[in-house]
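A look at the structure
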Amino acid sequence: MNKEEIKNILPHRDDMLLLDEVELNDGVACGKKLITGEEFFLRGHFPGNPVVPGVILCEILAQSVCVCLEDTIKSGELPFFTGLDKVKFKKPVKPGDVFETKCEITRVMAPFYFAKGNGYVDGKLCVSAEFSFAIKG
C-alpha cells in the first residue's frame, strides 16, 4: 500500500502522514518510512546530531497498525491514541535510515483496540511498545 492508498485509511496528511508504505501480512502490519533528514521534527532535535524523537517513532507504529483496521474504520471515524505502555528505546533512528515496523492488534474491546509493535533499522530493534487507541466518529 503506497501513501495515496494509506490516505484512504488514515486521516493524517502532509507532514503528519509518517508512512511511505505499509503491507498487511497475516494480521501483521509491516510499514516503512525513509528518514530523509528534511522532516520537521529533526529541525531542532538535535542540531548537528539529528535523531528522530521517540514520540514520532511511537506515532509511526500507531499509524502502521491502523492498516489492520482497514475494514473497521468507517468514513468519518478517526483513530485516537489512548495509551502507551512498556515503551523501550534501544537504538536511535537517524537521517538515511529506513524505519520498518511490525505491529499487530492484540485485543479488541470496541471502540478500544490494543496493539503491540516493534520498529527496526537494518533488522536491529530500535523501539518496542504496547499501545491502545479508540475509534471515534
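Below, the structure is looked at part by part. Since this is a predicted model, take the numbers as computed values, not measurements.

**Looking at the overall build of the protein**
Within the protein, the secondary structure is distributed over 2 helices and 6 strands. When the helices and strands of the protein are listed from N to C terminus, the series reads α-β-β-α-β-β-β-β. A globule of 137 residues ought to have a C-alpha radius of gyration of about 14 Å, and the protein, at 14 Å, matches this closely. Expressed along its principal axes, the backbone C-alpha trace of the protein runs to roughly 45 × 30 × 25 Å. Within the span of the protein, comprising 137 residues, buried residues form 38% of the whole. For the protein, the share of sequence-separated contacts (at least 6 apart) that also reach a separation of at least 24 residues comes to 61%. The centroid of the 17 positive side-chain charges in the protein is displaced by 7 Å from the centroid of its 20 negative side-chain charges.

**Observations regarding a negative patch on the surface**
A contiguous patch of negative charge on the surface is contributed by Glu21, Glu23, Glu100 and Asp122. Along the chain, Glu23 turns up in strand β1 (residues 21-25).

**Considering the pairing of strand β4 (residues 98-109)**
Sheet topology places strand β2 (residues 28-34) next to β4; 6 bridges connect them, and they run antiparallel. Looking at the pairing, Gly31 lines up with Thr101 of β4. Relative to strand β5 (residues 112-121), β4 runs antiparallel, the two sharing 9 bridges. Bridge pairing links Glu104 to Lys116 in β5. The turn joining β4 and β5, which pair antiparallel and follow one another in sequence, is formed by 2 residues.

**What about the sheet that holds strand β3 (residues 78-89)?**
Across the sheet, which stays open at both edges, the 6 strands sit in the order β1-β2-β4-β5-β6-β3 with antiparallel pairing between neighbours. One side of each edge strand has no neighbouring strand; the edge strands of this open sheet are β1 and β3. Averaged over neighbouring strand pairs, the angle between their axes works out to 25° when direction is ignored. Against the sheet, helix α2 (residues 54-65) engages β1, β2, β3, β4, β5 and β6 (124-136), with an angle of about 60° to β4.

**So, the nonpolar core**
Val52, Val93, Phe99, Phe131 and Phe133 are the most contacted members of the largest nonpolar core, which has 34 residues in total. When contributions to this core are tallied by element, the ones reaching two or more residues are α2, β4, β5 and β6. Once residues lying within four places of it in the same chain are set aside, the contact partners of Val52 are Ile35, Phe41, Leu42, His45, Leu57 and Val93.

**A closer look at the packing of aromatic side chains**
Inspection of the entire model under this criterion finds 3 aromatic pairs. Seen from their ring centres, Phe40 and Phe41 are 5.2 Å apart, and the 80° between their planes marks the pair as edge-to-face. Residue Phe41 is classed as buried on the basis of its relative accessible area of 7%. Directly above the aromatic system of Phe114 lies the positively charged group of Arg107, at a separation of 4.1 Å from the ring centroid.

**Here we look at the side chain of Glu39**
In this structure, Glu39 sits in the loop between β2 and α2. Owing to a relative accessible area of 9%, Glu39 belongs among the buried residues under this scheme. Discounting residues that sit within four places of it in the chain, Glu39 has contacts with Lys33 and Leu34.

About the thresholds
Residues numbered from 1 in each chain as written. Predicted model: local features only at pLDDT ≥ 70, side-chain atom pairs only at ≥ 80, totals over all residues. Heavy atoms only, no water. Helix = DSSP H or I, 4+ residues; strand = E, 2+ residues; numbered from the N terminus. Rg over C-alpha atoms; globule rule 2.2 N^0.38 Å. Buried < 20%, exposed > 50% of the residue type's maximum accessible area, 1.4 Å probe, protein only. Contact = heavy atoms within 4.5 Å. Lys, Arg positive; Asp, Glu negative; His and termini not counted. Charge placed at Lys NZ, Arg CZ, Asp CG, Glu CD. Patch = residues over 30% accessible without salt bridge, like charges linked within 9 Å, V, L, I, M, F, W, Y side chains within 5 Å. Areas by Shrake-Rupley, 256 points an atom, 1.4 Å probe, with all protein chains shown as cover. Salt bridge = Lys/Arg side-chain N within 4 Å of Asp/Glu carboxyl O. Pairing = 2+ DSSP bridges. Axes fitted to C-alpha atoms, helices over the stretch in contact; angles between N-to-C directions. Core = buried A, V, L, I, M, F, W, Y, C linked by side-chain atoms within 4.5 Å. Phe/Tyr/Trp six-rings, centres within 6.5 Å; stacked < 30°, edge-to-face > 60°. Lys NZ or Arg CZ within 6 Å of the ring centre and 35° of its normal.

Shape descriptors only; they carry no functional weight alone.
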